[in-house]
Amino acid sequence: MTSDASTAAPSQEEGAAPRTEAGARSADERRRARRSRRYRWDVKWSPYAFIAPFFLFFIAFGLFPLLYTGWASLHRVELGTPTDMEWVGLRNFSRLWDDEFFWNALRNTFTIGLLSTVPQLLMALGIAHLLNYRLRGSMFFRVAILTPYATSVAAATLVFVLMFSRTDHGMINWGLGFVGIDAVDWQNGDWTAQFAVSTIVIWRWTGYNALIYLAAMQAIPHDLYESAALDGASRWQQFRHVTVPSLRPTILFTCVVSTIGATQLFGEPLLFSQGASPTGGSDHQFQTLGLYLYEQGWFNQHLGRSSAIAWTMFLILVLIGLVNWAIGRRIRKSA
């Protein structure tokens, strides 16, 4: 009996071992299945989680204000009672057609944008062309031209206010007096005030656009320059016939971005008038659309009118975008 029992016991242990190994394999397979499922979920949904904060902030601070101002532009609503809305339809938009201050602000925005964009992009193109050659300390110059962009708008504008001071103590008038030219009242003149505001924009954004042009120039194949040099083209001819045609998409991009920035111009003209009021000078001589919107909404407390101005600016930007798309499509077809 004893010998039979002792011989039967090992058979039970041998039978339990396969069952344990099978259970372990099953548990491993379940863990691998869970890990595989989590991996598939991670690959599928992680990109959406990464971009979700942008869309949440865009909805909160971009889409909602856009829709709310569109709704407010169809009502008569005051700043003191934002929930008390009276439906007026397109009345706020139609009033802009007869508003001389709106057209003055639109004209000033266009003039300042033209005075600042054209010299700015031409200077940026020239600076980028110089930096594209091998210069000693080129990295220092690239960082230096970007310094104005990193400077605070308030700090830069206040410095320019001192430079364009109406008295002889201003640096600009001092320089003019040094060569025998009378002092200029920069803030109270029409063209002088717009020119002064444009110089602030030029100073801040020239280096930024120069770096964009420089990056695009470095992507141009050197074979094109070598072929032009073998044909006897000078550096100026290479710049005209190789560099500029290759930069046409980039130039178009900077033109559109600079135009959009000029349409939204606000900080420079406001601080140039030393922040006293958003009228843009004693005779509204450098009041932009941004300043006029600010005046209607926060000084006159007409939120409906200011919302209509905001949507008019938005439609102007959409029109600029469509023009950019049409020109870009034509450039791609001709290339």
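The structure presented is a predicted model; accordingly, all values stated were derived computationally and were not measured.

A.B. asks: Quick question: what am I supposed to make of the overall build of the protein chain here?
C.D. replies: Helix and strand content of the protein chain: 13 helices and two strands. On C-alpha atoms alone, the protein chain measures out to a radius of gyration of 33 Å, which is more than a quarter above the 20 Å that the 2.2 N^0.38 rule sets for 335 residues. Taken along its principal axes, the extent of the C-alpha atoms in the protein chain is 130 × 75 × 45 Å. In the protein chain, of all internal contacts separated by at least 6 residues, the share reaching a separation of at least 24 is 65%. Surface summary for the protein chain: the accessible area is close to 21300 Å², and the carbon and sulfur share equals 65%.

A.B. asks: When you look at a positive patch on the surface in this model, what are you seeing that I'm missing?
C.D. replies: Together, Arg30, Arg32, Arg34, Arg35, Arg37, Arg38 and Arg40 make up a region of like positive charge exposed at the surface. Relative to the assigned elements, Arg32 resides in helix α1 (residues 2-72). On the basis of relative accessible area, Arg32 is assigned to the partly exposed category, the value being 47%.

A.B. asks: So what exactly am I meant to see when it comes to the nonpolar core here?
C.D. replies: Grouped burial of nonpolar side chains is what soluble globular proteins tend to show. In this structure, Leu125, Ala128, Tyr213, Met217, Ile220, Val242 and Leu247 are the most contacted members of the largest nonpolar core, which totals 17 residues. Within the residue set of this core, elements represented by two or more residues are α3 (100-131), α7 (190-218), α8 (222-230) and α9 (235-246). Discounting chain neighbours no more than four positions away, the residues touching Ile220 are Tyr225, Val242, Thr243, Ser246 and Leu247. If you look at the next biggest cluster of nonpolar residues, it comprises 13 residues, including Trp186, Val197, Val201 and Phe272.

A.B. asks: Just to check I follow, could you spell out the confidence of the model for the protein chain for this structure?
C.D. replies: The predicted coordinates should not be examined in detail at positions where pLDDT is low. Looking at the protein chain, pLDDT values average 84 and 91% of them are 70 or higher. For the protein chain, α1 is the element with the lowest average pLDDT, namely 73, and α3 is the one with the highest, namely 92. This model gives residues 1-17 a pLDDT under 50, and the stretch forms zero contacts once residues within four places in sequence are excluded.

A.B. asks: What should I look at first to understand the side chain of Glu295 in this one?
C.D. replies: Looking at where Glu295 falls in the secondary structure, it is placed in helix α12 (residues 289-299). Although Glu295 lies buried, it forms no salt bridge, and the closest oppositely charged side chain, Arg305, sits 9.8 Å away as judged by the N-O distance. When sequence neighbours within four positions are dropped, the list of residues in contact with Glu295 reads Pro278, Thr279, His284, Gln287 and Asn300.

A.B. asks: Can you help me understand the packing of aromatic side chains in this one?
C.D. replies: Between two aromatic rings, the relevant description is the distance of the centres plus the angle of the planes. One pass over the full model with this rule turns up 23 aromatic pairs. Relative to Tyr294, the ring of Phe266 lies with its centre 5.4 Å away and its plane at 80°, an arrangement referred to as edge-to-face. Of this pair, Phe266 sits in the loop between α10 (248-263) and α11 (267-272) while Tyr294 sits in helix α12, and the two are 28 residues apart along the sequence. Cluster of aromatic residues (ring-pair linked, three or more members): Phe160, Phe164, Trp186, Phe195 and Trp203.

A.B. asks: Looking at this structure, how should I read α9?
C.D. replies: The α-helix advances 3.6 residues per turn, and as a result positions three or four apart in sequence lie on the same side. Listed as buried for α9 are Gln238, Phe239, Val242 and Thr243. Down the axis of α9, the buried set is contained in an arc of 120°. They therefore lie on one face. In α9, the exposed positions angled more than 90 degrees off the buried face are occupied by Trp236 and His241. Close packing links the buried residues of α9 with α3, α7 and α8.

A.B. asks: I would appreciate a short explanation of the environment of Val88 in the present structure.
C.D. replies: Take Val88: it is sitting in the loop between β2 (86-87) and α2 (91-97). The spacing of Val88 and Phe141 is 53 residues in sequence and 56 Å in space, taken between C-alpha atoms. What Val88 contacts, discounting residues up to four positions off in sequence, is Leu74, His75 and Arg76.

What counts and how
Residues numbered from 1 in each chain as written. Predicted model: local features only at pLDDT ≥ 70, side-chain atom pairs only at ≥ 80, totals over all residues. Heavy atoms only, no water. Helix = DSSP H or I, 4+ residues; strand = E, 2+ residues; numbered from the N terminus. Rg over C-alpha atoms; globule rule 2.2 N^0.38 Å. Contact = heavy atoms within 4.5 Å. Areas by Shrake-Rupley, 256 points an atom, 1.4 Å probe, with all protein chains shown as cover. Patch = residues over 30% accessible without salt bridge, like charges linked within 9 Å, V, L, I, M, F, W, Y side chains within 5 Å. Salt bridge = Lys/Arg side-chain N within 4 Å of Asp/Glu carboxyl O. Lys, Arg positive; Asp, Glu negative; His and termini not counted. Charge placed at Lys NZ, Arg CZ, Asp CG, Glu CD. Buried < 20%, exposed > 50% of the residue type's maximum accessible area, 1.4 Å probe, protein only. Core = buried A, V, L, I, M, F, W, Y, C linked by side-chain atoms within 4.5 Å. pLDDT = per-residue confidence, 0-100. Phe/Tyr/Trp six-rings, centres within 6.5 Å; stacked < 30°, edge-to-face > 60°. Arc of directions from axis to C-beta.

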